[in-house]
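For reference, the chains in residue letters:
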Amino acid sequence: MLNAPSWIGIHINIEGEELDLAKCKVDNFSRVLDMKRGVLERHFVATLQSGKRLEVNSTRFMSIVRDEIGAIKYTVKPLNFSAMATVISDVDADIVNQDSNYDEKFWVEISKHVDDSVSVIAETKKTKFQVCTAAVTRLSVDTQNEEPILREKYAGKRFYLTLKENETVVINKYACITSTMYYTPDEIEAKTDAVLYEAVSAGFETLLAEQERAWDLKW
């Protein structure tokens, strides 16, 4: 069973400092798998080595209503500073399985692109099974600039923005994962975009409400 390409990457950099929990002082950390609502929630307050403190909350789920859709709401609140920052949101198919022999990788890149969305189509080496992973990221504040990041099996976007003390920035990320189990190789990218933008149009709160209602019926 192969690890799928990752769509969850959201990377924060504040004036040259990465928000890396392995390098920060972390307070009030919690991670909750809420099986009643079908969501994974995380909260923490991080102090960077420079002394900058920020509060982060995230809510993530794979939709039980829209089988091909995943969504993240990620909020960042600077507690004692204002600063320039960058946000990188990506799709990464350059992954390994921990139980593979000799660190072998099993995905081959077919194509990738960055425009409003980021997308990677990857194929399994032996069975030629294709998976298209695409994501759209929306920020609650205006960005000064956006730039693409492309490398092997990877597509991302870097957003430049200003963080203001005690003002929360909301990052909503929507992803669609489709495969040649359901679509032909010729149509997989177009089908992925169509399903993805239906979710983007609905918005995070609508998708979350759908999720909570569906799980409530199951319980």
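Remember, predicted model here, so these are calculated numbers, not experimental data. (Residues numbered from 1 in each chain as written. Predicted model: local features only at pLDDT ≥ 70, side-chain atom pairs only at ≥ 80, totals over all residues. Heavy atoms only, no water.)

(A) Expanded view of the overall build of the protein chain. For the protein chain, the count of helices and strands is two helices and 13 strands. For 219 residues, the compact-globule estimate of 2.2 N^0.38 gives 17 Å, and the C-alpha radius of gyration of the protein chain, at 18 Å, lies within 12% of that figure. In terms of overall dimensions, the protein chain has C-alpha extents of about 50 × 40 × 35 Å along its principal axes. For the protein chain, with 219 residues in total, the buried portion stands at 45%. For the protein chain, the exposed area adds up to about 11600 Å²; of that, 49% sits on carbon and sulfur atoms. (Helix = DSSP H or I, 4+ residues; strand = E, 2+ residues; numbered from the N terminus. Rg over C-alpha atoms; globule rule 2.2 N^0.38 Å. Buried < 20%, exposed > 50% of the residue type's maximum accessible area, 1.4 Å probe, protein only. Areas by Shrake-Rupley, 256 points an atom, 1.4 Å probe, with all protein chains shown as cover.)

(B) Layout of the pairing of strand E8 (residues 107-114). In terms of strand pairing, E8 meets strand E9 (residues 117-124) through seven bridges, oriented antiparallel. Residue Glu-109 lies in a different strand from E9, and its bridge partner there is Ala-122. Taking the residues that link successive antiparallel strands as the turn, the E8-E9 hairpin has two residues. (Pairing = 2+ DSSP bridges.)

(C) Layout of the pattern of salt bridges. Scanning all chains against the criterion turns up 16 salt bridges. Two residues, Arg-37 and Glu-212, come together in a salt bridge whose shortest N-O distance is 2.9 Å. One end of the pair, Arg-37, is in the loop between strand E3 (25-34) and strand E4 (39-47); the other, Glu-212, is in helix H2 (residues 204-218), and 175 residues separate them in sequence. Look at Glu-212 and you get partly exposed, because its relative accessible area is 28%. Where Glu-123 meets Lys-128, a salt bridge forms, and the shortest distance between an N and an O atom there is 4.0 Å. (Salt bridge = Lys/Arg side-chain N within 4 Å of Asp/Glu carboxyl O.)

(D) Summary view of the sheet that holds strand E7 (residues 83-92). Strands sit in the order E2-E1-E7-E12-E11 across an open sheet of five strands; the sheet is antiparallel. Every interior strand has two partners, whereas the edge strands, strand E2 (17-18) and strand E11 (145-151), have only one. As paired strands, E7 and strand E12 (residues 154-163) are joined by 10 bridges and run antiparallel to one another. Note on E12: the bridge partner recorded for Asp-90 is Gly-156.

(E) Spatial organisation of the environment of Ala-199. Relative to the elements of secondary structure, Ala-199 occurs in helix H1 (residues 188-202). Looking at Ala-199, the relative accessible area reads 0%, which means it is buried. Linking Ala-199 and Ala-71, residues 128 residues apart in sequence, is a C-alpha distance of 8.9 Å. Discounting chain neighbours no more than four positions away, the residues touching Ala-199 are Arg-66, Ile-69, Tyr-174 and Leu-207. (Contact = heavy atoms within 4.5 Å.)

(F) Layout of the packing of aromatic side chains. Across all of its chains, the model carries two aromatic pairs by this definition. Over the aromatic face of Tyr-154 sits the side chain of Arg-151, whose NZ or CZ is 3.7 Å from the ring centroid. (Phe/Tyr/Trp six-rings, centres within 6.5 Å; stacked < 30°, edge-to-face > 60°. Lys NZ or Arg CZ within 6 Å of the ring centre and 35° of its normal.)

(G) Broad picture of the layout of surface pockets. Within this model, the largest pocket holds a volume of roughly 470 Å³. Along the walls of the largest pocket sit 19 residues, with Ile-8, Ile-10, His-11, Arg-42 and Tyr-74 positioned nearest its centre. Put simply, the parts of the chain that give the lining of the largest pocket at least two residues each are strand E1 (10-14), E4, strand E5 (53-62) and strand E6 (69-78). The greatest single-element share of the lining of the largest pocket, amounting to four residues, is contributed by E4. Its residues assigned to classes, the lining of the largest pocket comprises nine nonpolar, four polar and six charged. What the second largest pocket holds in volume is close to 230 Å³. Along its surface, the second largest pocket is lined by Ala-4, Pro-5, Ser-6, Trp-7, Ile-8, Met-62, Val-131, Thr-133 and Ile-177. Partitioned by chemical class, the residues of the lining of the second largest pocket number seven nonpolar, two polar and no charged. (1 Å grid on protein atoms, 1.4 Å probe; cavity = no way out; pocket = protein on both sides within 12 Å on 5 of 7 lines; lining within 4 Å. Points joined across faces, edges and corners; volume = space filled by probe spheres on them. Nonpolar A, V, L, I, M, F, W, Y, C, P; charged D, E, K, R; others polar.)

(H) Fine view of the environment of Met-1. Here Met-1 lies in the segment before E1. In this structure Met-1 comes out as exposed when scored by relative accessible area, which is 95%.

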